[in-house]
Amino acid sequence: MATTTDLSQNPAPKRKRSRGSWLYPLISVAAVLAFLIVWYLVALAEVWKPLFVPRPSDVWEQFIRASTTHDGNVGYSGEYLWQHLWSSMSRLFEGLALGVLIGVPLGIALGASKTIAAILHPGVTVIRSLPPLAYFSLLIIWFGIGDSAKVVLLFLAAVAPIAIATADAVGNVPIDRLLAVRSLGASRLQTITQVVLPSALPEMMTGLRVALGVTFTTIVAAETVNGLPGIGGMVRDAQRFNKTDVVVLGIIVIGIVAVLLDIAIRALDRRVVPWRGRA
Amino acid sequence: MATTTDDNSGVVATRPGALRFADVHHVYGQGASANPVLGPIDLDVPGGEFLCIVGASGCGKSTLLRLVAGFMPVSIGRITIDDREISAPGPDRGMVFQQPTLFPWRSVRGNVELALKLRGYPRGERRAEAERLLRQVGLGDAMHRRTYELSGGMQQRCATARALAGDPEVLLMDEPFGALDAITREHMQQELHALWRETHKTIVFVTHSVDEALILGTRAIVLGGRPGHVLLDLPLNLQRDAEGDTHHDAGYADLRSQISHAMDDDYQRSQSEVPR
Ligand SMILES: Nc1ncnc2c1ncn2[C@@H]1O[C@H](COP(=O)(O)OP(=O)(O)O)[C@@H](O)[C@H]1O
Ligand SMILES: [Mg+2]
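Since the model is a prediction, treat every value here as computed from it, not as a measurement.

Asker: Looking at this structure, I do not really get the domain arrangement of chain B. What am I missing?
Answerer: A common way to report how large an interface is uses the accessible area buried once the components associate. Residues and elements named next belong to chain B. Here chain B is partitioned into domain 1 (2–92 + 168–272) and domain 2 (102–167). Computed from C-alpha coordinates alone, the two centres of domain 1 and domain 2 are separated by 25 Å. Between domain 1 and domain 2, the residue contacts involve 15 residues of the former and 13 residues of the latter. Summing both sides of the interface, domain 1 and domain 2 together bury roughly 1,100 Å²; the carbon and sulfur share of this comes to 60%. It is P168, M188 and L195 that lose the most area in domain 1 upon contact with domain 2, and together they represent 37% of the buried surface on that side. Taken together, the connections running from domain 1 to domain 2 amount to two salt bridges. Taken together, domain 1 and domain 2 are joined by four residue pairs in polar contact (both at pLDDT 80 or more). Where the side of domain 1 that touches domain 2 is concerned, the elements lending two or more residues are strand 9 (170–174) and helix 5 (182–199). Residue classes in the side of domain 1 that touches domain 2 are distributed as eight nonpolar, three polar and four charged.

Shown next, in the form of structure tokens:
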């Protein structure tokens, strides 16, 4: 959060922020509240059966049940809600981490060498164009229905946007910036580590953000196959038993986590590339 | 001047950083798309000279500077610095570009420290040397700022400090003040001239402003024609007033009109050519 002292040192952004900083978040909160009220009224009036539109109170009760031990039952299906969430998130971060680990060097290679680009570009483009679930069945045949297939799926979903963003960025470093570092006597390796990679950081962060979005939607869908524990698995399981309130609970949790992840990655972006759009 | 008399001993010393261009040509591309942009260039630049290169855009000024910087080999001929042939970038030459090419992920001082590191400066001495260079260009108070927070003029000062890392004999500047507003530009010109008076490095300064050349240079050449070559080569020995200005000198108007005429003639000729 920007404190008043921060702003007073930077008078220009102050004027721009003073209105937007509270007004628009307030509108967002109001919109969410309005939605909850409409939902409550619709459920109260029983416009549709609770099987289709559960009451907010039912969903809240499921939230409590899924988070506690009740009548000797632990959470939902033997795991607490946070454990379902944690399972999904650890799969997601494993896949994403692999995607960064492989995607960044791959992107550098694609951006630095026309030959490597010619060899790998068709493959990377195909992987990026296919919806990840299209090859999920094949991964299940190869890796079984356990976690490996899901992590590999997430890795494949993440690696393409990261590699492509990195490759584009590496190919678009301003020529004078490269000449400047060359005139200082940098070796090829020094040019890459000191200039090419940092120059590419803003686009790489954008690629990471895209990858996070893709992996998040993918994990929820992928957990429809043997996804327990997992938030997607919980939703799928509840749907099979017509527990609509649990389904809605899962959707709300997924939505909230998606928003939080986006806020987190934006904050990370501001920390990592504070010069974005300014240099 | 290449040779100066040392007042104490009377010994004649030659300043380092002498550039010599011998029958230099440059062609971009090959075969059918070959585009000869420069040549022939024959020039002798004594060490310590402040050489201004003027000419219409596209006449090859930046190309000439890039050849001296060693970014690409000359197509024909040779360029030497103190009789060493130029074949690659080297610590004897520093370059400042029109757009400041600073690294925004590093602080102002960090940019200069990186330059010193790449120049092979010992680790323990980098910080002090970077601070000395930044004070020299008037950025003593901005060392810890982020480069993208600086004004255009301050960014070019930082770029100059970076180019001075490792104490090169020759400073190459490609329209360094071209993007600055008039007032900032005037200040930067005075500061650069002061820097040159202190260090007496050879400076090759590209500009398309005739006045800038007359304010700064000890010599001006006009580049033009196709491929680009030296149309006019003038020594400038203008007197400076207290503010460092040269336009009160009686010779100013005459030099200005000579250079302008050479550029105008070049422009007329280029307009009558059949576009390729
Ligand atoms: N990298 C390049 N490849 C091909 N042609 C170039 C390249 N750089 C410059 N040129 C051409 O060479 C000519 C001279 O360019 P340049 O040296 O940049 O001129 P100036 O700096 O005087 O404006 C121009 O016609 C330009 O189009
Ligand atoms: Mg140019």
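Asker: How should unusual backbone geometry be read in this particular structure?
Answerer: Among all residues save glycine, negative phi is the norm, and among peptide bonds the norm is trans. Residues and elements named next belong to chain B. Residues G39 and P40 are joined by a peptide bond in cis, for which omega reads -5 degrees. Checked against the element boundaries, P40 lands in strand 4 (residues 35–45). Of the consecutive residues R226 and P227, the connecting peptide bond is found in the cis state with omega at -5 degrees. Along the chain, P227 turns up in the loop between strand 11 (219–224) and strand 12 (229–235). Of note, D83 is a non-glycine position whose phi angle comes to about 70 degrees, a positive value. With relative accessibility at 62%, the residue D83 sits in the exposed group. One non-glycine residue, H200, lies in positive phi territory at about 50 degrees.

Asker: How do you make sense of the side chain of T202(B) when you look at a structure like this?
Answerer: Residues and elements named next belong to chain B. Its place among the elements puts T202 in strand 10 (residues 202–206). Here G17 takes part through its backbone oxygen, which lies 2.7 Å from a polar atom of the side chain of T202. Apart from the residues lying within four places of it in its own chain, the contact partners of T202 are P16, G17, A18, V45, P46, G47, G48, E49, E169, V170 and L171.

Asker: Explanation requested: the environment of S88(A) in the structure shown.
Answerer: All names here are of chain A. With respect to the helices, strands and loops of the structure, S88 is situated in helix 4 (residues 81–112). The exposure class assigned to S88 is buried, which follows from its relative accessible area of 0%. Sequence spacing of S88 and L36 is 52 residues, and the spatial spacing of their C-alpha atoms is 27 Å.

Asker: What is the right way to read the interface of chain A and chain B from this model?
Answerer: Taken together, the contacts link 19 residues of chain A with 21 residues of chain B. Together chain A and chain B conceal approximately 2,000 Å² of surface at their shared face, both sides included; 66% is due to carbon and sulfur atoms. Considering only the surface of chain A that becomes buried against chain B, S183(A), L184(A) and Q194(A) emerge as the three largest contributors, covering 34% of it. Our enumeration of links across chain A and chain B arrives at one salt bridge. The residue R66(B) makes a salt bridge to D176(A) at a minimum N-O spacing of 3.4 Å. Where chain A meets chain B, there are five residue pairs in polar contact (both at pLDDT 80 or more). Among the elements of the structure, helix 8 (175–183) and helix 9 (188–222) of chain A are those that each provide at least two residues to the side of chain A that touches chain B. Looking at the side of chain A that touches chain B element by element, the count peaks at seven residues for helix 8 of chain A. Each residue belonging to the side of chain A that touches chain B can be placed in one class, and the counts come to 10 nonpolar, five polar and four charged.

Thresholds, definitions, all that
In this numbering scheme, every chain counts its residues from 1 along its sequence in written order. The order in which chains are written sets their letters, starting at A; the order in which ligands are written sets their numbers, starting at 1. Local features are withheld for residues below a pLDDT of 70 in this predicted model, meaning they are given only at 70 or higher, and side-chain atom pairs are given and counted only at 80 or more; totals for whole chains, interfaces and linings count all residues. Computation of side-chain values covers all heavy atoms of the structure but excludes hydrogens and water. Domain delimitation in this document rests on an assignment produced automatically or drawn from a domain database. Residue contacts follow a heavy-atom distance rule, with two residues in contact if any of their heavy atoms lie within 4.5 Å. Values labelled buried area give the accessible surface lost by two parts on being combined, using a 1.4 Å probe and summing over both. The rule for a salt bridge is simple: a side-chain nitrogen of Lys or Arg has to be within 4 Å of a carboxyl oxygen of Asp or Glu. Here a polar contact means two N or O atoms within 3.5 Å. Within protein one must be a hydrogen donor candidate and the other an acceptor candidate, and residues neighboring in sequence count only if both atoms are side-chain atoms. Helix numbers and strand numbers start at the N terminus; a helix is a DSSP run of H or I with at least 4 residues, a strand a run of E with at least 2. Three classes are used: nonpolar for Ala, Val, Leu, Ile, Met, Phe, Trp, Tyr, Cys and Pro, charged for Asp, Glu, Lys and Arg, and polar for all others, with Gly counted as polar. Under the scheme applied here, a residue whose accessible area is under 20% of the maximum for its type counts as buried, over 50% as exposed, and between as partly exposed, the area being computed with a 1.4 Å probe on protein chains only.

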